[in-house]
Amino acid sequence: MIKGFKDFIMRGNVIDLAVAVVIGAAFTAVVNAIVASIITPLIEVFWKPSEDGVPGIPVPAVWGGTVTFPIAGLISAIISFLAVAIVVYFVFVFPMNVWKERQAAKLGVPEDAEEKLPTEQELLIQIRDLLEKNATAR
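Observations regarding the overall build of the protein
Phase 1: The helix and strand inventory of the protein stands at four helices and two strands.
Phase 2: Mapped from its N terminus to its C terminus, the protein presents α and β elements in the order α-α-β-β-α-α.
Phase 3: The burial tally for the protein puts 15% of its 138 residues in the buried class.
Phase 4: Partitioning the intrachain contacts of the protein with sequence separation of at least 6 by distance along the chain shows that 43% fall at a separation of at least 24.

Describing the pairing of strand S2 (residues 66-69)
Phase 1: The pairing of strand S1 (residues 57-60) with S2 spans four bridges and is antiparallel. Along S2, the bridge assignment pairs isoleucine 57 with phenylalanine 69.
Phase 2: Taking the residues that link successive antiparallel strands as the turn, the S1-S2 hairpin has five residues, and the phi of glycine 64 there is positive, at about 110°.

Observations regarding the pattern of salt bridges
Phase 1: Within this structure, the stated rule accounts for two salt bridges.
Phase 2: With its nearest N and O atoms 3.1 Å apart, the salt bridge here joins aspartate 129 to arginine 128.
Phase 3: Assessed through its relative accessible area of 35%, aspartate 129 is described here as partly exposed.
Phase 4: Residue arginine 128 is classed as partly exposed on the basis of its relative accessible area, which comes to 44%.
Phase 5: The closest approach of N and O atoms between glutamate 132 and arginine 128, which form a salt bridge, is 4.0 Å. You can see glutamate 132 and its partner arginine 128 sitting in helix H4 (residues 120-137), four residues apart, about one turn around the helix.

Description of the environment of threonine 136
Phase 1: Topologically, threonine 136 is positioned in helix H4.
Phase 2: Among the polar contacts made by the side chain of threonine 136, one reaches the main-chain carbonyl oxygen of lysine 133 at a distance of 3.0 Å.

Parameters at a glance
Residues numbered from 1 in each chain as written. Predicted model: local features only at pLDDT ≥ 70, side-chain atom pairs only at ≥ 80, totals over all residues. Heavy atoms only, no water. Helix = DSSP H or I, 4+ residues; strand = E, 2+ residues; numbered from the N terminus. Buried < 20%, exposed > 50% of the residue type's maximum accessible area, 1.4 Å probe, protein only. Contact = heavy atoms within 4.5 Å. Pairing = 2+ DSSP bridges. Salt bridge = Lys/Arg side-chain N within 4 Å of Asp/Glu carboxyl O. Polar contact = N/O pair within 3.5 Å; in protein donor to acceptor, adjacent residues only side chain to side chain.

See below:
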């Protein structure tokens, strides 16, 4: 029972999904806090916040006022995404791939040893040949 559970957990797709959900949720809060406390103030150094307190690019509107494009939100989202993706890749995905390669090397399975699957046409030819063989055998 324990071996079956271990085999289930060690499958790549289960590990990848668990990593993405848990680490993504936990690390996103940390990255958002860093972006809100460091990146957004840095953006405000270059762009003055509007009356609403949103830093961005002010553009004169047709009706006479100004419209602020909230560039800080976009930059914050991009930085948050890249930070989470980099951490998930280098902390979990890369080591898991290295571990899988080592396991395959221990078992003596070369990387290119995967059997090439037959095409649909090759399968149809095999089925036809088997049907002809069975028909002549009767």
